[in-house]
Amino acid sequence: MGGLVIETLALSHFRSHRAQRLRFDGRPVAIVGPNGAGKTNILEAVSLLSPGRGLRRAAAEDLARRPESLGWKIAASVQGLSAAHELETWAEPGESRQVRIDGKAATQASLGRILRVLWLVPAMDRLWIEAAEGRRRFLDRMTLSFFPEHAEHSLIYEKAMRDRNRLIRDQVTDPHWYAALESQMAEAGHRITAHRRAALARIASATDPASAFPCADLALTGPEDEDLALALAEGRRRDLAAGRTLTGPHRADLLACYGAKNTPADQCSTGEQKALLISLILSNARALAQELGRAPILLLDEVAAHLDPRRRAALYDEICSLQAQALMTGTEPSLFEALGQRAQQVSVRESNDGSEIQQD
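Nothing here was measured: the structure is a model prediction, and the numbers come from that model.

## Quick look at the side chain of S145
Here is step 1 of the chain: Secondary-structure assignment places S145 in helix α3 (residues 132-146).
Here is step 2 of the chain: At 3.2 Å, the side chain of S145 and the side chain of N284 are in polar contact.

In structure tokens:
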């Protein structure tokens, strides 16, 4: 089956990397170095080869190496879903992010039709106990991995909702001002909810009972298959009092339960919550591999540090079984001993000129 592969990755004035070029052969990649050396910056660069703002959700101007602030650029040669491609993304000072595919200007959405990239970073460790916004974002990243068009529907919905909220803040009561916006929200919202449910169904079907990581039972909260346009119209008075839109997929939440223990994720231990996240990423990857015939690229930041040796080895075995190119960071080479020759090694250290890289 094989997986999607980044063959070369070039960074120019990106974060701590002044000028770097890495070569990969499709095996998992162990990126080792002390904290602050620039390991996560490599993962962030790869995450920007997919639609969106990357794993840190940073603004384009915040990605430029300082103090120069000359802008930044990422270039990669990849084996995509159906062909080889040359990808470039960059931003000049004060400008928005640009994308070029095989030398031609393209949209960010086009990247999602070439690569599928999943990630797990330490900031997500509190996903189950913090606000619903983070869980919706996590859900939408999973959904986007199956349905690249999900991003477009989300943008249409959010723009229409912003315009509707503006009317609400201005205390506009004339229904004619609302009708067109609510129709747009209803159409896009229906597609958003349908995509989310379909993604969860795919992930559930790809759960491996033999995995070393616990199965997560997922549920999407929020309105069922109601007439959203009607619900928005009927809720205008309540929304005017609240000052914002209170109905729609932007109010949904993702709930998870530790299947074997029948325990809600927010009541699990820290280690169990982390294991559930890893389980979901692996199930997401398996579902994509089954559907597309190619495993996605995985970005796992400091994932091994919180696992005991048995679970670390099990994680690596599952990644290799998927034939996924996984880029993983850690502070010590010993964290990746169980991978042996199945992985490439990259060392990152801090120098007076930023990050320095050495790879085998």
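## Re the environment of L4
Here is step 1 of the chain: Relative to the helices and strands, L4 resides in the segment before β1 (5-14).
Here is step 2 of the chain: Residue classification places L4 among the buried residues on the basis of a relative accessible area of 1%.
Here is step 3 of the chain: Separated by 321 residues in the primary sequence, L4 and Q325 have C-alpha atoms spaced 7.0 Å apart.
Here is step 4 of the chain: Ignoring anything within four residues of it in the chain, the contact list for L4 reads Q79, G80, L81, I114, L115, R116, R294, A295, P296, I297 and Q325.

## Topic: the sheet that holds β1
Here is step 1 of the chain: Here six strands make up an open sheet; going across it, the order is β2-β1-β4-β5-β6-β7 and the pairing antiparallel. Looking at the sheet topology across the chains shown, the edges are occupied by β2 (17-23) and β7 (104-106). With direction set aside, neighbouring strand axes in the sheet form an average angle of 20 degrees.
Here is step 2 of the chain: Relative to strand β6 (residues 98-101), strand β5 (residues 84-91) is paired through four bridges, and the arrangement is antiparallel.

## A look at the sheet that holds strand β13 (residues 326-330)
Here is step 1 of the chain: Strands sit in the order β8-β12-β13-β3-β14-β15 across an open sheet of six strands; the sheet is mixed. Bordering the open sheet on either side are β8 (117-120) and β15 (354-359), each of which pairs with just one other strand. Recorded for the sheet is a direction-independent mean angle of 20 degrees between the axes of neighbouring strands.
Here is step 2 of the chain: In this sheet, β13 lies alongside strand β3 (residues 29-32) in parallel orientation, the contact comprising four bridges. Bridge pairing links A30 to M328 in β13.
Here is step 3 of the chain: Across the sheet, helix α8 (residues 270-292) is in contact with β8 and β12 (297-300); its angle to β8 comes to roughly 170 degrees.

Here is what the cut-offs are and how they apply
- Residues numbered from 1 in each chain as written.
- Predicted model: local features only at pLDDT ≥ 70, side-chain atom pairs only at ≥ 80, totals over all residues.
- Heavy atoms only, no water.
- Helix = DSSP H or I, 4+ residues; strand = E, 2+ residues; numbered from the N terminus.
- Polar contact = N/O pair within 3.5 Å; in protein donor to acceptor, adjacent residues only side chain to side chain.
- Buried < 20%, exposed > 50% of the residue type's maximum accessible area, 1.4 Å probe, protein only.
- Contact = heavy atoms within 4.5 Å.
- Pairing = 2+ DSSP bridges.
- Axes fitted to C-alpha atoms, helices over the stretch in contact; angles between N-to-C directions.

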